[in-house]
Amino acid sequence: MNTSAAETWDSLWLNVHLATMQRGQGYGEIHDAAIAVKDGVIAWLGPRSELPQAYTAKVQHDGKVCWLTPGLVDCHTHIVYAGNRSDEFEARLNGVAYEEIARKGGGILSTVRATRNASEEELMLASLPRINNLLREGVTTLEIKSGYGLDLQTEAKMLRVARQIGRDFPLRVKTTFLGAHALPAEYAGRADDYLGLVCEQMLPALLADGLVDAVDAFCEKIGFSAAQTEKVFQAAQRHGIPVKLHAEQLSDQGGAALTARYQGLSADHLEYLSEQGIAAMAASGTVAVLLPGAYYFLRETKLPPIAGLRAAGVPIAISTDCNPGTSPMTSLLLAMNMACTMFRLTPLEALTGATRHAAQALGLQDQIGSLEIGKRADFALWAIDRPGDLAYAIGGNPCQTAVFGGQPRYV
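Residues numbered from 1 in each chain as written. Predicted model: local features only at pLDDT ≥ 70, side-chain atom pairs only at ≥ 80, totals over all residues. Heavy atoms only, no water.

> Explain the UniProt feature "domain: Amidohydrolase-related" (unreviewed entry) in the protein chain to me, please; I cannot follow it from the model alone.
In the numbering used here, UniProt assigns the "domain: Amidohydrolase-related" (unreviewed entry) feature to residues 68-384. Taken end to end, residues 68-384 is 45% helix and 15% strand, and its two terminal C-alpha atoms sit 10 Å from one another. (UniProt positions renumbered as here; feature names shortened; annotations may be inferred. Helix = DSSP H or I, 4+ residues; strand = E, 2+ residues; numbered from the N terminus.)

> Would you explain the sheet that holds strand E6 (residues 139-145) in this entry?
Backbone hydrogen bonds hold the strands of a sheet together, and the pairing may be parallel or antiparallel. Taking strand neighbours across the sheet as the criterion, the 8 strands line up as E5-E6-E7-E8-E9-E10-E11-E12 in an open arrangement whose pairing is parallel. Of all the strands in the sheet, the pair left with one neighbour each is strand E5 (72-74) and strand E12 (316-318). Here the strands of the sheet are splayed against their neighbours by 25° on average, with no regard to which way each runs. When strand E11 (residues 287-290) meets E12, the two strands line up parallel, connected through 3 bridges. If you follow Ala 288 over to E12, its bridge partner there is Ile 316. (Pairing = 2+ DSSP bridges. Axes fitted to C-alpha atoms, helices over the stretch in contact; angles between N-to-C directions.)

> Sorry, what's going on with the packing of helix H6 (residues 191-208) against helix H7 (residues 226-238) here?
The axes of two packed helices give the description: the angle between them and the distance between them. Running from amino to carboxyl end, H6 crosses H7 at an angle of 10°, the nearest separation of the two axes being 10 Å. On the basis of the axis angle, H6 is roughly parallel to H7. Each of Ala 191, Asp 192, Leu 195, Cys 199 and Leu 203 in H6 lies in contact with H7, whose residues at this interface are Gln 228, Lys 231, Val 232, Ala 235 and Ala 236. For the contact of H6 with H7, the per-class residue count stands at 7 nonpolar, 1 polar and 2 charged. (Parallel < 35°, antiparallel > 145°, perpendicular 65-115°, else oblique. Contact = heavy atoms within 4.5 Å. Nonpolar A, V, L, I, M, F, W, Y, C, P; charged D, E, K, R; others polar.)

Here is the structure:
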């Protein structure tokens, strides 16, 4: 806290309770608090009784006794895509396995066909309802993956739309190149040739256009092996781009340990994560991103090893995994509730997973994810009685206002 005698601020929020989510402080609760913003960053926060004796704020906001938290961070989404896969949802409910659907040309390849045929304008229009749902829930930072193009033209098209979303909305967007998501039909039986295209042509071209913040892959029996995934990681490493991975969702392929070896930002899904994978992630600081929407939608029965992750001190993040095939969810609040009810996370762990740890999963922990002086003034105000309420209600949205870079974004 800063208690200097004179301060000049752009804005000041009063009549709020803070959940700062600072490391080692639980929710970091400060009752009857205030928070000040200057030049888009947090300039002061603390109990209202400790406000400097002399200050000037260009604008003062009445928080109306709301709880104020860091803006939510949805750190794993595939939100830009075309098409619909409700037919596959029905097929799975009639007993067809996800792997069987994928092998018959459905699954990811179904969305690839629709996305290749869509224009950038059509992709943007299709994405808007999904984006707006997250905005209304206090999300201020969003990761968007490619991976439904599997050719340079469409991967670039998806990533351009993702960048445009970040320009058009009061929302920070981090883009992830997921060229190694599936094997396109034209490369059937030639996985290594396709990976050569991903590593030697697609990634350099997308980087040259400024479209890539991180690189991802799908390491799985129906995706790519650990050895093939490592080729993608090596290419990213040559270009100085951080990596993350869809790992251990359907089987243990050693992907989490591989990600840790490359100092990856995160390993995601992790239902089949081994003790060795946990240890590797703990040693590297790689975040475990849990995706309860996919677990629920696929009717998975093997739980991620939550107790092992806790015991090892691995940071746990929560995300929607918004995608058309396995998690058509656009509510991070629902993902938090599901993480508590199905994975037995505590509400504190869930909120940490959607703020501080989610920011870490994007390499943004020094900028966002907690309320601290010098961090970006991204926060949300909630009409709740206590912070744990955010993981409690099913289908509710108590968000009253989101603030992005110090500017209110009313919902």
